[in-house]
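# Chain and residue survey
Read off the chains here:
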Amino acid sequence: MNLNQLDSEVTSENLEKAAENGKPLDILGIYDTKKDRIQILRDMDKMYSLTKFADIAGVNKSLLSEFFSGKKNISRIPLIRIFIALKYDYKTVQRYLRRFKCASLYVKNRWDIIVINGINEGKGLMEIEAELNKYTDDNGEILSLFDKKDR
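Okay, so let's go over this structure. Quantities reported herein were computed from a predicted structural model and do not represent experimental measurements.

## What about the overall build of the protein?
Helix and strand counts for the protein stand at nine helices and zero strands. Counting helices and strands in the order they occur from the N terminus, the protein gives α-α-α-α-α-α-α-α-α. Within the protein, the fraction of its 151 residues that count as buried is 39%. Accessible surface computed for the protein: about 9400 Å², of which carbon and sulfur atoms make up 48%.

Put into structure tokens, the structure is as follows:
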């Protein structure tokens with residue numbers, strides 16, 4: 001049995017069940033995000049050109065291109081911007097964050113809660129950004145989806 005034959009999502013619980021049942025596990029499949037990148041690219045292509053999407057999501061076009069080709073990964077916050085721009089629901093955002101080895105959105109973190117609420121309410125990037133900008137972190141910095149180092 002390979003990971004594609006497990007339940008719809010690769011989870012620790014599914015892997016544990018397969019291992020307990022003596023099923024062979026496809027170790028390489030755990031980290032293969034090629035299909036995910038292709039799906040995200042297809043979703044983007046339905047709505048935008050790469051240039052337009054890079055501008056909307058606030059991600060450098062060349063970085064986005066290298067991400068889709070599998071040459072580079074993108075960090076958590078730019079990935080979240082991408083997922084919001086594609087209007088992904090909360091469950092899909094969480095699944096992709098895990099697949100790309102990023103921390104899931106956490107309900108005990110102010111920034112994450114605001115983003116979760118925005119996603120669940122179907123808000124766009126600028127609406128979520130406006131809500132984040134009402135708050136500061138522990139250092140007094142205004143919360144934001146857009147960080148200069150991520151661009």
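So that's the structure; there's more coming.
## Remarks on the packing of helix 4 (residues 50-57) against helix 6 (residues 76-85)
Running from N to C, helix 4 and helix 6 point in directions that differ by 115°, and their axes come no closer than 9 Å. Viewed along their axes, helix 4 and helix 6 adopt a mutual orientation that is roughly perpendicular. Considering only the axes of helix 4 and helix 6, their crossing is right-handed. Of helix 6, the residues touching helix 4 (which contributes Phe 53, Ile 56 and Ala 57) are Arg 81, Ile 82 and Ala 85.

## Concerning unusual backbone geometry
Despite not being glycine, Lys 87 has its phi angle at roughly 60°, a positive value. Among the structural elements, Lys 87 can be located in the loop between helix 6 and helix 7 (90-99). Of note in this structure, Lys 101 is not a glycine but carries a positive phi near 60°. On the secondary structure map, Lys 101 appears in the loop between helix 7 and helix 8 (110-120).

## Regarding the packing of aromatic side chains
In this structure the tally under the stated criterion is seven aromatic pairs. Residues Phe 67 and Phe 100 carry aromatic rings whose centres are separated by 5.3 Å and whose planes lie at 55° to one another, so their mutual orientation is tilted. Here Phe 67, found in helix 5 (residues 61-68), pairs with Phe 100, found in the loop between helix 7 and helix 8; they are 33 residues apart in sequence, far enough to count as distant. The buried category is assigned to Phe 67, whose relative accessible area is 0%. The aromatic ring of Tyr 96 is capped on one face by Arg 95, whose charged end is 4.7 Å from the ring centroid.

## What to know about helix 6
Of all the 10 residues making up helix 6, nine are buried; the element is thus mostly covered by neighbouring parts of the structure. Those residues of helix 6 that fall on the buried side of the exposure criterion are Arg 76, Pro 78, Leu 79, Ile 80, Arg 81, Ile 82, Phe 83, Ile 84 and Ala 85. Buried residues along helix 6 sit against helix 3 (34-47), helix 4, helix 5, helix 7, helix 8 and helix 9 (125-132). Positive backbone phi, at 60°, marks Lys 87, one or two positions downstream of helix 6.

## So, the packing of helix 3 against helix 7
Contact geometry for helix 3 and helix 7: axes closest at 10 Å, N-to-C directions at 140°. Here helix 3 is positioned oblique relative to helix 7, judged by the angle of their axes. The chirality of how helix 3 crosses helix 7 is left-handed. From helix 3, Asp 36, Gln 39 and Ile 40 reach across to helix 7, where they touch Arg 95, Tyr 96 and Arg 99. Considered class by class, the residues forming the contact of helix 3 with helix 7 number two nonpolar, one polar and three charged.

The rules behind the values
Residues numbered from 1 in each chain as written. Predicted model: local features only at pLDDT ≥ 70, side-chain atom pairs only at ≥ 80, totals over all residues. Heavy atoms only, no water. Helix = DSSP H or I, 4+ residues; strand = E, 2+ residues; numbered from the N terminus. Buried < 20%, exposed > 50% of the residue type's maximum accessible area, 1.4 Å probe, protein only. Areas by Shrake-Rupley, 256 points an atom, 1.4 Å probe, with all protein chains shown as cover. Axes fitted to C-alpha atoms, helices over the stretch in contact; angles between N-to-C directions. Parallel < 35°, antiparallel > 145°, perpendicular 65-115°, else oblique. Left-handed = near helix turned anticlockwise from the far one by under 90°. Contact = heavy atoms within 4.5 Å. Phe/Tyr/Trp six-rings, centres within 6.5 Å; stacked < 30°, edge-to-face > 60°. Lys NZ or Arg CZ within 6 Å of the ring centre and 35° of its normal. Nonpolar A, V, L, I, M, F, W, Y, C, P; charged D, E, K, R; others polar.

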